[in-house]
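This is what each chain is made of:
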Amino acid sequence: MKHKYLDNQAFSQHIIRWYRDNPRDLPWRETQNPYHIWLSEIILQQTRVAQGMPYYYKFVEAYPELKNLALAPEEEVLRLWQGLGYYSRARNLHFCAKQIWFELDGKFPESYAELLKLKGVGSYTASAISSFAFGEAQAVVDGNVFRVLARIFGIESDIATGKAKKEFEALANELIPKDNPAEFNQAMMDFGSRQCVPKNPDCENCPLKRNCFAFNNDLVQKLPVKINKTKVKERQIHYHVLTCGNDWVWKKRKSGDIWEGLFDFPSREGADESLDDALAQLNPEKINSEGKEYRHLLSHQKLNVRFSEWKLPTSSYAKLQKICEEQDFALVAEEEIERLAKPKLIVNYLKDQGI
DNA sequence: AAGCCGGGGAC
DNA sequence: GTCCCAGGCTT
């Protein structure tokens, strides 16, 4: 693709020059260890650097080498991931660590094509690891790169479509200097996150303003084009918080819904009364009949949540055990609760309970 | 192609 | 409230 303001080489030189004056100081840039870089890239998927940073430190400390992660129990990995969201990332991370350790002889994949085969590694992440750890000239295209290229080159394609993704990847791969791919990739992302920001960028002080199509055509606020259809669904969840002596009743969430693999409480949505029937057998004492109300906002769902708390007599313990077995509930002593990986909503609830 | 998957920060 | 974040998988 030709550009009326800028040729490919001039563009990459401008971007890299800017980057050398304005680099972000990020810990995963100080290493070429592919395992650490992979860890950082998975953590940073759809996640701001500031939000992911503490998790990167936690994981590197808990699992300094791939072997440590491969040999860790999944429950522990999910517990470390607690609060970061998109929990499939953590399950895939653990799956891949085991796969690399046990099936690939502990040898981390070294090429874009091989990296792309890993669960949870798509074109962005494969490009990032292959360029940063192995010097391969594969251009990353993340949200920052979409924005920078759309504005500088005046591309009006809807970045939500697969066609546009291919278009941007082709352009980025044309622009990336083969002798310095890693620095170019870092530069593009830093430029997007610090200079060419989504809202109200400081274009007057941008070194590329003379060469920016969007700036010169008053399109900065319009580009990149993204047809967004985020439908937010409302949802009512009624949790039953059951305790018997020192034990709490928990439920590990199944696939096909949010928070797969994480622990919350037995719950019902809608008119299902089966849980209430089982509960009636246990002679519960209601702690509160109305239940505590919580509102929890997620990207795609608004959750209206009620917690009803029940205290069961210890004389019902045997019956409770039987029900837990039938219903696939877990009985967990209070001091073990901290080890369970829980959705943020449940963490907040427990905090209010002083747990 | 569209839907789904979390949580948080900026505005 | 809306939009976006160092995206990827499933249907």
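The coordinates are above.
As a starting point, this report considers the structure included with it. Keep in mind the model is a prediction, meaning the values are calculated, not measured.

1. What about the packing of aromatic side chains?
So, step 1. Summed over the entire model, instances satisfying the criterion amount to 20 aromatic pairs.
So, step 2. Between the aromatic rings of Trp 248 and Trp 250, the centroid separation amounts to 6.4 Å while the plane-to-plane angle is 25°, which identifies the pairing as stacked. Comparing Trp 248 with Trp 250, the two get one shared label, buried.
So, step 3. Among the aromatic residues, those joined into a ring-pair cluster are Tyr 239, Trp 248, Trp 250, Phe 265, Tyr 294, Phe 307 and Tyr 349.
So, step 4. Here the basic side chain of Lys 119 rests over the ring of Phe 95, its NZ or CZ set 4.0 Å away from the ring centre.

2. A short note on the packing of helix H1 (residues 8-21) against helix H11 (residues 181-195)
So, step 1. Taken N-terminus to C-terminus, the directions of H1 and H11 make an angle of 70°; their axes are 9 Å apart at the nearest point. Classed by the angle they form, the pair H1 and H11 counts as roughly perpendicular. In the crossing of H1 with H11, the sense of the turn from one axis to the other is left-handed. The residues of H11 that touch H1, namely those facing Phe 11, Ser 12, Ile 15, Ile 16, Trp 18, Tyr 19 and Arg 20, are Glu 183, Phe 184, Gln 186, Ala 187, Met 188, Asp 190, Phe 191, Arg 194 and Gln 195.

3. Looking at the protein's contact with DNA strand B
So, step 1. Within the structure, DNA strand B sits among 24 residues, and Tyr 86, Lys 231, Trp 259, Ser 299 and His 300 are positioned closest to it.
So, step 2. Sugar and phosphate atoms form 56% of the subset of DNA strand B atoms that lie within 4 Å of the protein.
So, step 3. Separating a base oxygen of DNA strand B from a side-chain N or O atom of Tyr 86 is a distance of 2.8 Å.
So, step 4. Here a phosphate oxygen of DNA strand B and a side-chain polar atom of Lys 233 are 3.1 Å apart.
So, step 5. The class makeup of the residues in the surface near DNA strand B is seven nonpolar, eleven polar and six charged.

4. Some details on empty space enclosed by the protein
So, step 1. Going through the model one piece at a time under the given rule, you end up with two cavities of 30 Å³ or more.
So, step 2. Empty space within the largest cavity amounts to approximately 120 Å³.
So, step 3. Forming the boundary of the largest cavity are 14 residues, of which Arg 151, Cys 196, Cys 203, Cys 206 and Cys 212 lie nearest the centre.
So, step 4. Listing elements by their share of the lining of the largest cavity, those giving two or more residues are helix H9 (143-153) and H11.
So, step 5. When grouped by side-chain class, the residues that make up the lining of the largest cavity number ten nonpolar, one polar and three charged.
So, step 6. Taken as a whole, the second largest cavity spans an internal volume of roughly 50 Å³.
So, step 7. For the second largest cavity, the full set of lining residues is Leu 242, Val 249, Leu 275, Ala 278, Leu 279, Leu 282, Leu 320, Ile 323, Cys 324 and Phe 329.
So, step 8. Broken down by secondary-structure element, the contributors of at least two residues to the lining of the second largest cavity are helix H13 (274-280) and helix H14 (317-327).
So, step 9. Counted by class, the lining of the second largest cavity contains ten nonpolar, no polar and no charged residues.

Reading the values: rules and limits
Residues numbered from 1 in each chain as written. Chains lettered and ligands numbered in written order. Predicted model: local features only at pLDDT ≥ 70, side-chain atom pairs only at ≥ 80, totals over all residues. Heavy atoms only, no water. Phe/Tyr/Trp six-rings, centres within 6.5 Å; stacked < 30°, edge-to-face > 60°. Buried < 20%, exposed > 50% of the residue type's maximum accessible area, 1.4 Å probe, protein only. Lys NZ or Arg CZ within 6 Å of the ring centre and 35° of its normal. Axes fitted to C-alpha atoms, helices over the stretch in contact; angles between N-to-C directions. Helix = DSSP H or I, 4+ residues; strand = E, 2+ residues; numbered from the N terminus. Parallel < 35°, antiparallel > 145°, perpendicular 65-115°, else oblique. Left-handed = near helix turned anticlockwise from the far one by under 90°. Contact = heavy atoms within 4.5 Å. Near = heavy atom within 4 Å. Polar contact = N/O pair within 3.5 Å; in protein donor to acceptor, adjacent residues only side chain to side chain. Nonpolar A, V, L, I, M, F, W, Y, C, P; charged D, E, K, R; others polar. 1 Å grid on protein atoms, 1.4 Å probe; cavity = no way out; pocket = protein on both sides within 12 Å on 5 of 7 lines; lining within 4 Å. Points joined across faces, edges and corners; volume = space filled by probe spheres on them.

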